[in-house]
There are 2 protein chains.
Amino acid sequence: MDGLSIGQVARQAGLRPSAIRYYESIAVLPSPRRVDGQRRYDRTVLDRLAFIQIAQRLGFTLTEIQLLFHNREEDAPLSERWRGLASRKLAEVETLIDQALGVRRMLTRGLRCGCADLLGCIDCVIANCDSPPGPTAPGHRAKMRGKTPASGT
Amino acid sequence: MDGLSIGQVARQAGLRPSAIRYYESIAVLPSPRRVDGQRRYDRTVLDRLAFIQIAQRLGFTLTEIQLLFHNREEDAPLSERWRGLASRKLAEVETLIDQALGVRRMLTRGLRCGCADLLGCIDCVIANCDSPPGPTAPGHRAKMRGKTPASGT
DNA sequence: CCTTGACTTCAAGTCGACTTGAGCCTGTAG
DNA sequence: CTACAGGCTCAAGTCGACTTGAAGTCAAGG
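Residues numbered from 1 in each chain as written. Chains lettered and ligands numbered in written order. Predicted model: local features only at pLDDT ≥ 70, side-chain atom pairs only at ≥ 80, totals over all residues. Heavy atoms only, no water.

Student: I would appreciate a short explanation of helix H3 (residues 44–57) of chain B in the present structure.
Tutor: It helps to recall that an α-helix has 3.6 residues per turn; residues three or four apart then point in one direction. Residue and element names in this part refer to chain B. Its 14 residues give H3 an end-to-end C-alpha distance of 20 Å, which sits within 8% of 20 Å, the value for a rise of 1.5 Å per residue. Residues of H3 that are buried: Val-45, Leu-46, Asp-47, Arg-48, Leu-49, Ala-50, Phe-51, Ile-52, Gln-53, Ile-54 and Ala-55. Once H3 ends, the next one or two residues include Gly-59, with phi positive near 95 degrees. (Helix = DSSP H or I, 4+ residues; strand = E, 2+ residues; numbered from the N terminus. Expected span 1.5 Å × (residues − 1). Buried < 20%, exposed > 50% of the residue type's maximum accessible area, 1.4 Å probe, protein only.)

Here is the structure:
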């Protein structure tokens, strides 16, 4: 058969057909050619979907992803806006990576130390101790505070 | 004043008071003591909130976070369930980090190369080229396929 | 005194990301 | 021929995570 059906694509991407139709409806995926009214995709769509899924996990909204994809449309100064968005997102991804490394540390430590839950572990990890939920090591708290202040009006 | 008001906490955490009340209502935050009917927090709540925000960005749901926090309740074999959840999450965080590194590469390359948008860049990056959206470097596509198949019935 | 601002509760609304359902068409297998 | 597995559209429903609105309490200040 010449091209993938929506079902095949869905299966290979780990999605439901409805999700793919939805992506198309919001222009995150291009509308593919039709054979007899049915969508036919080529394999490159799988790369797109893979990227979309990862980007989503990284906190991109579908709207942002859509912008990343075809910013060329419109009268925008061609790649200019893309670069803006992309570099902003790059920064976000970098801080996300930092934070993820932090959480990884937290979880690894948490699993190694004796805490019964994160409540203990947070203090424990913040205090940089490797040991049980002990009384409390002194003051160097507040470390991973680094969010976007944002959230206007 | 003895303890932080909900407004102060919200401001410092970059949230709205309503979000904090919401967290309390779903038991992600413990119900704090009240003075004259009003909530009074101590500063440790800020650490909790910082953790919550990061965990959310990493894809944890509030429900999961709630479980991470007080798994000690209930008849669960104490830290056992916590460890289960935590190590599952640890694995997720690790693959997330990998993927984030991948996306970072993609964005950096994209910004360095001449592509007008991600459509070009995806191919470009997958093809591992450093150059413009050229005709197409040959066949080594499909690289970053590594998701959880998941998504049952 | 009365307004203002910050707080309270509770119900309902919103937004993003899908899913589900109704009603229809179509190609293949028994 | 009929059944059944897909596919199609479009509208409505769902879920998580909050926000908003209505209606009320309370303390400080002009």
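Student: Hey, could you run me through the pattern of salt bridges in this one?
Tutor: Residues and elements named next belong to chain A. Applying the stated criterion across every chain, the model contains twelve salt bridges over all chains. In this structure, the salt-bridge partner of Glu-92 is Lys-89, at a minimum N-O distance of 2.7 Å. Here Glu-92 pairs with Lys-89, and both are found in helix H5 (residues 79–112), just three residues apart, close to one helical turn. The exposure class assigned to Glu-92 is partly exposed, which follows from its relative accessible area of 30%. Residue Lys-89 is classed as buried on the basis of its relative accessible area, which comes to 3%. Three or more residues are tied together by salt bridges with common partners; here these are Glu-24, Arg-34 and Arg-39. (Salt bridge = Lys/Arg side-chain N within 4 Å of Asp/Glu carboxyl O.)

Student: I keep staring at the protein's contact with DNA strand D and nothing clicks. Help me out?
Tutor: What surrounds DNA strand D is a group of 17 residues, the closest being Arg21(A), Arg39(A), Arg16(B), Ser18(B) and Gln56(B). Counted by atom, the contact set of DNA strand D within 4 Å of the protein is 85% sugar and phosphate. Within the side chain of Ser18(B), one N or O atom sits 2.7 Å away from a phosphate oxygen of DNA strand D. Between Leu62(B) and DNA strand D, the recorded distance is 3.1 Å, taken from a backbone N or O atom to a phosphate oxygen. Secondary structure elements with two or more residues in the surface near DNA strand D: helix H1 (6–13) and strand S2 (38–40) of chain A together with helix H2 (17–25) of chain B. Considering each element in turn, the surface near DNA strand D owes the most residues, four residues, to H2(B). Taken together, the residues of the surface near DNA strand D break down into five nonpolar, seven polar and five charged. (Near = heavy atom within 4 Å. Polar contact = N/O pair within 3.5 Å; in protein donor to acceptor, adjacent residues only side chain to side chain. Nonpolar A, V, L, I, M, F, W, Y, C, P; charged D, E, K, R; others polar.)

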